[in-house]
Amino acid sequence: RSTAKKLGVVALLAALAWLAMQGSAGAHTEVLRAEPQPGTDVTGSVEEVRLTFLDPVQPGTEIVVSDDGGRRVAGLGATEQSADGRTARVTFDPLGAAGGYVVEYRFTAQDGDEQLERYRFTVAAPAAAGPTQNGEAALAAAADAAGIGAASVLGATLVAGLAVSLARRNSA
């Protein structure tokens with residue numbers, strides 16, 4: 001009887017910890033998809049950056065694209081944001097020159113939290129192959145596509161670990 005109570009308390013605490021992590025992870029939005037993708041080596045010309053947010057953001061999103069030297073790219077226009085607040089894009093003169101570029105974007109989540117993020121992509125010298133991703137970027141893109149957040153994975157791992165530990169304890 002005492003073991004059953006302990007098991008119940010541990011399961012309840014694990015569930016509450018998992019829910020707490022979900023609540024804090026969901027308080028802010030994040031970029032679900034970026035084009036060009038972070039870490040991508042792009043062949044050919046790039047003329048815009050487009051961001052798709054997991055949740056709507058408030059009006060006023062800003063996107064700035066700079067070269068590796070910190071100079072804004074030529075023809076950088078004003079950021080355009082969709083009426084539903086889920087996408088934002090900025091256009092500029094075609095990036096034909098090989099080199100690294102930094103995308104810096106600022107947005108405000110619906111809860112009022114202002115976020116500033118950045119990522120890099122590279123325009124590669126023209127080649128026969130299409131865009132490629134490095135391993136880390138590909139893994140992150142796959143996790144985003146599957147809708148798996150770090151807090152969800154951590155929470156599931158914690159709950160599974162506790163269940164295994166309790167099962168071993170009860171069988172001993």
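Bear in mind that the values here come from a model prediction, so they are computed numbers and not experimental data.

Thoughts on the environment of Arg106
Along the chain, Arg106 falls in strand 7 (residues 99–108). Measuring from C-alpha to C-alpha, the distance between Arg106 and Ile63 comes to 6.6 Å, with 43 residues separating the pair along the chain. Arg106 has contacts with Gly60, Thr61, Glu62, Glu114, Gln115 and Leu116, leaving out every residue within four places of it along the chain. A distance of 2.9 Å separates the side chain of Arg106 from the side chain of Glu114, its partner in a polar contact.

A short note on the sheet that holds strand 1 (residues 31–35)
With antiparallel pairing, four strands are arranged side by side in an open sheet as 1-3-6-5. Unpaired on one side and paired on the other, strand 1 and strand 5 (80–81) mark the two borders of the sheet. When strand 1 meets strand 3 (residues 46–53), the two strands line up antiparallel, connected through four bridges. Within strand 3, the position partnered with Arg33 by the bridge is Thr52.

Observations regarding the pattern of salt bridges
Under the counting rule described, the total for this entry stands at eight salt bridges. Two residues, Glu48 and Arg89, come together in a salt bridge whose shortest N-O distance is 2.3 Å. In this pair, Glu48 sits in strand 3 while Arg89 sits in strand 6 (residues 87–95), placing the two residues 41 residues apart along the sequence. A relative accessible area of 24% means that Glu48 is categorised as partly exposed. Among the ionic pairs, Asp67 bridges to Arg71, the shortest N-O distance being 3.1 Å. You can call Arg71 exposed: its relative accessible area is 54%. Here the salt bridges do not stand alone but share partners, grouping Glu48, Arg50, Glu80 and Arg89 into one network.

Description of the pairing of strand 4 (residues 62–67)
Of all six residues making up strand 4, five are buried, and the element is well covered by its neighbours. Sheet analysis places strand 4 next to strand 7, joined by six bridges and oriented antiparallel. In the sheet register, Val65 faces strand 7, and the bridge partner there is Val103.

Criteria and cut-off values
- Residues numbered from 1 in each chain as written.
- Predicted model: local features only at pLDDT ≥ 70, side-chain atom pairs only at ≥ 80, totals over all residues.
- Heavy atoms only, no water.
- Helix = DSSP H or I, 4+ residues; strand = E, 2+ residues; numbered from the N terminus.
- Contact = heavy atoms within 4.5 Å.
- Polar contact = N/O pair within 3.5 Å; in protein donor to acceptor, adjacent residues only side chain to side chain.
- Pairing = 2+ DSSP bridges.
- Salt bridge = Lys/Arg side-chain N within 4 Å of Asp/Glu carboxyl O.
- Buried < 20%, exposed > 50% of the residue type's maximum accessible area, 1.4 Å probe, protein only.

Remember that the coordinates give geometry; whether it matters functionally is a separate question.
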